[in-house]
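Observations on the three-dimensional arrangement
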Amino acid sequence: QVQLVESGGGLVQAGGSLRLSCTVSGRTISAYSMGWFRQAPGKEREFVAGISRSEINTIYADSVKGRVTISRDNARNMVYLQMNNLRPEDTAVYYCAARGSAYVDTRPILYDSWGQGTQVTVSS
């Protein structure tokens, strides 16, 4: 089965940048559309960004559009989330997720596998 491990989280000041990484093992990443989600304390898990298997389609939540870029390196079995101009409201645990479909989606329930999460904290 596919395994996902996130890394790259940390504490940054507002306006700073982070690059999150997701390492995929067990199966080739090319078989999956990939997504990044986040969950803040007391809130529902929400979609951040997604990328299709073909890399033709990328989608972003309105809250991060223009500040976040999702990318994938299939040769290295990795997915990245580059986050710039971070805001305190971006503070959350960020999760990498895989979906065995050609299509990305914003709904968490449609993703098959999840990483353990990496904490991102943005100070004001």
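Above this text sits the structure in question.
All figures in this text were calculated on a predicted structure; none of them were measured in a lab.

**Quick notes on the nonpolar core**
- If you look at the biggest cluster of nonpolar residues, it comprises 34 residues, and the most contacted ones within it are Leu 4, Cys 22, Met 34, Trp 36, Leu 81, Met 83 and Tyr 94.
- With five residues, strand S9 (residues 92-99) is the largest single contributor of residues to this core.
- When neighbours within four sequence positions are excluded, Leu 4 is seen to be in contact with Cys 22, Thr 23, Val 24, Met 34, Cys 96, Ala 97, Ala 98, Ser 113, Trp 114, Gly 115 and Gln 116.

**Observations concerning the pattern of salt bridges**
- All chains considered together, the criterion is met by five salt bridges.
- Across the pair Lys 65 and Asp 62 runs a salt bridge, and its minimum N-O distance is 3.1 Å. Pair check on accessibility: Lys 65 and Asp 62 agree, each one exposed.
- Two residues, Arg 107 and Asp 105, come together in a salt bridge whose shortest N-O distance is 2.9 Å.
- Judged by relative accessible area, which is 47%, Arg 107 ranks as partly exposed.
- In the salt-bridge network here, residues are joined through shared partners; they are Arg 38, Glu 46, Arg 67 and Asp 90.

**Some details on unusual backbone geometry**
- With a phi angle near 55°, Asn 77 is a residue other than glycine that sits in the positive phi range.
- The phi torsion at Asn 85 lies on the positive side, around 50°, for a residue other than glycine.
- If you trace the backbone, Asn 85 turns up in the loop between strand S8 (78-83) and S9.

**Some points on the pairing of strand S4 (residues 33-39)**
- Most of S4 sits inside the fold, with six of its seven residues counted as buried.
- In the sheet, S4 pairs with S9 via seven bridges, with the strands oriented antiparallel. Directly across from Trp 36, in S9, lies its bridge partner Cys 96.
- Hairpin connection between S4 and strand S5 (residues 46-51): a loop of six residues separates the two successive antiparallel strands, and Gly 42 in this loop has a positive phi of roughly 80°.

**What about the state of the cysteines?**
- Following the criterion strictly, the structure yields one disulfide and no others.
- The disulfide partner of Cys 22 is Cys 96, and the gap between their sulfur atoms is 2.1 Å. On the S-S bond that ties Cys 22 to Cys 96, the torsion sits near -80°, and the link is left-handed. You can see Cys 22 sitting in strand S3 (residues 18-25) and its partner Cys 96 sitting in strand S9, a full 74 residues away along the chain.
- The buried category is assigned to Cys 22, whose relative accessible area is 0%.
- Exposure remark for Cys 96: the relative accessible area of 0% places this residue in the buried category.

Conventions and cut-offs
Residues numbered from 1 in each chain as written. Predicted model: local features only at pLDDT ≥ 70, side-chain atom pairs only at ≥ 80, totals over all residues. Heavy atoms only, no water. Core = buried A, V, L, I, M, F, W, Y, C linked by side-chain atoms within 4.5 Å. Buried < 20%, exposed > 50% of the residue type's maximum accessible area, 1.4 Å probe, protein only. Helix = DSSP H or I, 4+ residues; strand = E, 2+ residues; numbered from the N terminus. Contact = heavy atoms within 4.5 Å. Salt bridge = Lys/Arg side-chain N within 4 Å of Asp/Glu carboxyl O. Pairing = 2+ DSSP bridges. Disulfide = S-S within 2.5 Å.

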